[in-house]
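# Remarks on the overall topology
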Amino acid sequence: MKFIAGIIPVAIAIVGVISMYMWLGGDALEECDPRLPGADGRPKSVVGADEPIKIAGQTVKSDGIPTDLPGTWPRFRGPDFDGISKEQVDLAAAWPEQGPDVLWSIELGEGYAGAAVLAGRVYIIDYDHEKNADAIRCLSLADGKEIWRYSYPVKVKRWHGMSRAVPAVTDKYLVAMGPKCHVTCVDSMTGEFHWMFNLVREFNTKIPQWYTAQCPLIENGKAIIAPAGDVLMMAVDCETGEIAWKTPNPKGWVMTHSSIVPMEFGGKRFYIYCGGDQIAGGVVGVSAEDGSVLWEYEDWKVRFNVPMPVIVGSDRIFFSAGYSQTEKGCTMLRLTETEGRIVAQSEFLHGTDVFGSIQQSPIFYDGHIFGVRPDGQLVCLDLKGEVAWASTSANTFGSGPYAIAQGRIYIMDDSGMLTLVQASSAGYVQIDQARVMDGHETWGPMAIASGRLIVRDMHSMVCLGISGQ
Amino acid sequence: MAEKNENVNRRQLLKKSCFGGCLVGLGGLAGFLSGRSRAGDTLWQIDPYKCIACGNCETHCVLENSAVKCVQVYELCGYCDYCPGFHEPTALALDTGAENELCPTGAIKRKFVSEPYFQYDIDEALCIACGKCVKGCAAFGNGSLFLQVRHDRCLNCNECSIAAACPSGAFTRVPSDKPYLLKKVDNA
């Protein structure tokens, strides 16, 4: 009995040791399914790499006739890159019950690309679904009839729409960016071809998610483009297509949807671009003279840069974002110059709960920033980053565009409801509201010229008469 | 005529008892199932337009693995490379690495379809109803991912502890012959 009593603990101890050995010796992970990159079967090929470098296009004339209306909105955000119309045209302070008159409307290929207006003409980049082609179209501002189109074949699949960028137009040139990063320059009056760059093939640009929305700009006869591939930015002579200067891209910033905006500070003119993503990216000021980097700010790293930087006075720049990253909604940079060197420093950084903008560019007007937050509310922000007012959850505008003219904000929601709001820091004052479109995703940037407001949804564009006469 | 022996021995008694018990059990099961599926009766379901993806569905179900699961309406999905319901907002790369996925259990399977589209499927066995994907999809996507009570798992006890804990009143009773509340394209 004593023997049995003694052997039981020993036996238990032996069994325990053996069990522990087997447990520790076994591969505890053998039944786990590791979650590793590559399980989705993504091919290694580069998107757009199968496109030809140079694509032969064609100009086709039609019977549209330009008007002699003087209004201009020659690029994204208008003449001064600020989303404000400064024309001295009497605009209606309120609308008739049925809303502003629809002067004309046209069908478009799927997309969000807004219009530019110059010399009685309306310019858009469209997608021709039947011919599988990007189509740069010149329409009459009078009736929307087509004057000419330059199209080139490129297969573009639906990816939340197709064409997105607003062309830049001067009296001589038009430069447009297609959804798959084809940059084309044509004669703005005749549509005759000047040159084309395929940024994917020639500069190793990676097409941004949902296709590029970068709107080109033309200054002094040069197109300013940010390929953000082998080069970060470049200036191209519009007449010859020769590259005047290139800015290196040593940190490998990728292309964003944001567009370049010019600014002058300390006697220097430069182009501001938000490039890259949340890992490698930031803001850069590139000399308009030779493409050298005058200043850089790397703390504004966001995955999706869409809004254009907003110039605030002589020395500040306001940046906004908000798609998926709620902690980086907006920041204000102030530029200073020390011993000939420009330095950018942030004055505040807010999450999207204070302010952010997913896809439309805010407007600096009368000492305040106006824009739509990701929660859909129109917000007035002072220059210290404090919210002066928000339109409340009863007045939301989704991801729709907005512009200011004569102290009033024209603001669209996602589905064609146009609202007129007082552009004042005193509070949200709604003046009028009308349904002007029945379509889906009325997100295309607005253009205002000669008392006309041009807006679009996914499949169509309308020209509204907003003058007071 | 000889009188039949009516005596029942112990073996027969046991046999008949078992048989009777089985009949009662089958009857009860049939009644239970018919009660669950009878038109006119109601079941618990989540209104996807009221759900705020708070996470209570994961923690308040009486089942060890919640009866609530994420569902995908393919008609609404954008099939994007960057999916706010699949990727972490700060994902280092748009791939299937665990560090880049929002889902803590890897219940969303991402599959390349053709350039530029990716398909996202739910593995219900892995889904714990935390709602992280639903929140991301609703905030920045098309809202094609949302939560539903799966009636092949729900006990339908009529004392739903998730419904009691739902902060947005999204739990509602629906007819048992229409047990799911799916989003529609027109409402997207």
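In short, a report on the structure.

### Section: the overall build of chain A
In terms of regular secondary structure, chain A is built from two helices and 34 strands. Dimensions of chain A, computed from the C-alpha atoms along their principal axes, are close to 115 × 55 × 55 Å. Across the 469 residues in chain A, those meeting the buried criterion constitute 50%. Contacts in chain A between residues at least 24 apart in sequence constitute 55% of all its contacts with a sequence separation of at least 6.

### A word on the environment of phenylalanine 355 of chain A
Residues and elements named next belong to chain A. Secondary-structure assignment places phenylalanine 355 in the loop between strand S23 (341-350) and strand S24 (363-365). Residue classification places phenylalanine 355 among the buried residues on the basis of 26 C-beta atoms within 10 Å. Linking phenylalanine 355 and valine 387, residues 32 residues apart in sequence, is a C-alpha distance of 8.0 Å. Apart from residues no more than four positions distant in its own chain, phenylalanine 355 is found in contact with Ser320, Gly329, Cys330, His350, Gly371, Arg373, Val379, Leu381 and Val387.

### Considering the nonpolar core
With 181 residues, the main nonpolar core has Ala115, Ala116, Val175 and Tyr410 of chain A together with Leu147 of chain B as its most contacted residues. Those residues in contact with valine 175 of chain A, other than ones at most four positions away along the chain, are Pro167, Ala168, Val183, Cys185, Pro216, Ile218, Ala223 and Cys238 of chain A.

### As for the interface of chain B and chain A
Each partner contributes residues to the interface: chain B has 22 residues there, and chain A has 19 residues. Among the elements that make up the side of chain B that touches chain A, the one with the highest residue count is strand S3 (residues 108-114) of chain B (three residues). In terms of residue class, the side of chain B that touches chain A is built from eleven nonpolar, five polar and six charged.

### Points about the sheet that holds strand S10 (residues 182-187) of chain A
Residue and element names in this part refer to chain A. Spatially, S8-S9-S10-S11 is the arrangement adopted by the four strands of the open sheet, whose pairing is antiparallel. Where the open sheet ends on each side, the last strands, each with one partner, are strand S8 (168-169) and strand S11 (193-198). The pairing of S8 with strand S9 (residues 173-177) spans two bridges and is classified as antiparallel. The residue of S9 that forms the bridge with valine 169 is leucine 174.

### Some words on the sheet that holds strand S16 (residues 261-265) of chain A
Residues and elements named next belong to chain A. Strand order in the open sheet made by the four strands is S16-S17-S18-S19, with antiparallel pairing throughout. Of all strands in the sheet, those with a lone pairing partner are S16 and strand S19 (293-297), marking the two edges. The sheet shows a mean angle of 30 degrees between the axes of neighbouring strands, direction not considered.

### Some thoughts on unusual backbone geometry
Cis peptide bonds are those with omega within 30 degrees of zero, and the linkage from glutamate 115 of chain B to proline 116 of chain B qualifies with 5 degrees. For proline 116 of chain B, the position within the fold is in the loop between S3 and strand S4 (117-122). Backbone geometry at glutamate 339 of chain A places phi at a positive 50 degrees, although glycine is not the residue there. In this structure glutamate 339 of chain A comes out as exposed when scored by C-beta crowding, with 4 C-beta atoms within 10 Å.

### Side note on the pairing of strand S34 (residues 460-465) of chain A
Residues and elements named next belong to chain A. Bridge count between strand S3 (residues 101-107) and S34: six bridges; the pairing is antiparallel. Residue isoleucine 106 lies in a different strand from S34, and its bridge partner there is methionine 461. The hairpin turn running from strand S33 (residues 452-456) into S34, its antiparallel successor, is three residues long.

### Focus: helix H3 (residues 132-140) of chain B
Residue and element names in this part refer to chain B. For H3, a buried count of eight out of nine residues is recorded, marking the element as mostly surrounded by other parts of the structure. For H3, the full list of buried residues reads Lys132, Cys133, Val134, Gly136, Cys137, Ala138, Ala139 and Phe140. Residues of H3 that are buried make contact with strand S2 (68-72), S3 and strand S5 (145-149).

What counts as what
Residues numbered from 1 in each chain as written. Chains lettered and ligands numbered in written order. Predicted model: local features only at pLDDT ≥ 70, side-chain atom pairs only at ≥ 80, totals over all residues. Helix = DSSP H or I, 4+ residues; strand = E, 2+ residues; numbered from the N terminus. Buried ≥ 20, exposed ≤ 12 C-beta atoms within 10 Å, placed from the backbone. Contact = placed C-beta atoms within 7 Å. Core = buried A, V, L, I, M, F, W, Y, C linked by C-beta atoms within 7 Å. Nonpolar A, V, L, I, M, F, W, Y, C, P; charged D, E, K, R; others polar. Pairing = 2+ DSSP bridges. Axes fitted to C-alpha atoms, helices over the stretch in contact; angles between N-to-C directions.

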